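Single-letter residue listing:
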Amino acid sequence: RRLQGTLDGQVAELSELQGAIASTEESCEACDRAIETLRARLAEMSTDIECEQDALREEEWSSQRRRHTFRLQVDEQRSKLQQSKDACRDLMLQRGRKKKRSFSTKRSR
């Protein structure tokens, strides 16, 4: 009987250990599934980030091109404005000279 009691105790302990092992295996499988899900999500997020970075680089390049074009236009407008100012100044000087000549001519008469 003693042996039977010991054997029954060991069988119960073995049964308990088998249940714990099964539970641990199930938990490990759930963890493995969760890890795979997370890896897939990570890969998806990495792809999204790469696409966003590409779009950002493209937008930066486009912005630089626009800024360069605007600078060229501003420089061109400044040049034209300076030319207009110079032409106006020259015209005013010519008119001033003509008035002096006509005033001098009128005085000498």
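Just above sits the structure.
As the structure is a computational prediction, the values presented were derived from the model and not from experiment.

Peer 1: Mind showing me how you'd approach the overall build of the protein chain here?
Peer 2: Across its full length, the protein chain holds one helix and zero strands. Against the compact-globule benchmark of 13 Å for 109 residues, the protein chain has a radius of gyration of 46 Å, which places it well outside the compact range. Taken along its principal axes, the extent of the C-alpha atoms in the protein chain is 160 × 20 × 10 Å. Per-residue burial over the protein chain gives 0% buried out of 109 residues. Carbon together with sulfur atoms contributes 55% to the accessible area of the protein chain, which is approximately 10,600 Å² in total. Averaged over its 23 positive side-chain charges, the protein chain has a centre that lies 37 Å from the centre of its 20 negative ones.

Peer 1: Looking at this structure, I do not really get a negative patch on the surface. What am I missing?
Peer 2: Together, Glu25, Glu26, Glu29 and Asp32 give the surface a local cluster of negative charge. By relative accessible area, which is 46% here, Glu29 ends up partly exposed.

Peer 1: I would appreciate a short explanation of the pattern of salt bridges in the present structure.
Peer 2: Any two side chains of opposite charge can pair, given that their charged atoms come close. Scanning the model with the defined rule gives seven salt bridges in all. Close ionic contact of Lys80 with Glu76 constitutes a salt bridge, the shortest N to O distance being 3.3 Å. Residue Lys80 and its partner Glu76 are both found in helix α1 (residues 2-108); the two are separated by four residues, about one turn of the helix. Given a relative accessible area of 43%, Lys80 falls into the partly exposed group. Among the residues examined, Glu76 registers a relative accessible area of 43% and is labelled partly exposed.

Peer 1: What is the right way to look at the environment of Glu59 in this model?
Peer 2: Secondary-structure assignment places Glu59 in helix α1. Relative accessible area serves as the criterion here: at 43%, Glu59 is assigned to the partly exposed category. For the pair Glu59 and Asp32, spaced 27 residues apart in the sequence, the C-alpha separation amounts to 40 Å. Here Arg66 takes part through its side chain, which lies 3.3 Å from a polar atom of the side chain of Glu59.

Cut-off values and rules
- Residues numbered from 1 in each chain as written.
- Predicted model: local features only at pLDDT ≥ 70, side-chain atom pairs only at ≥ 80, totals over all residues.
- Heavy atoms only, no water.
- Helix = DSSP H or I, 4+ residues; strand = E, 2+ residues; numbered from the N terminus.
- Rg over C-alpha atoms; globule rule 2.2 N^0.38 Å.
- Buried < 20%, exposed > 50% of the residue type's maximum accessible area, 1.4 Å probe, protein only.
- Areas by Shrake-Rupley, 256 points an atom, 1.4 Å probe, with all protein chains shown as cover.
- Lys, Arg positive; Asp, Glu negative; His and termini not counted.
- Charge placed at Lys NZ, Arg CZ, Asp CG, Glu CD.
- Patch = residues over 30% accessible without salt bridge, like charges linked within 9 Å, V, L, I, M, F, W, Y side chains within 5 Å.
- Salt bridge = Lys/Arg side-chain N within 4 Å of Asp/Glu carboxyl O.
- Polar contact = N/O pair within 3.5 Å; in protein donor to acceptor, adjacent residues only side chain to side chain.

Remember, this is a structural readout, not a statement about activity or role.
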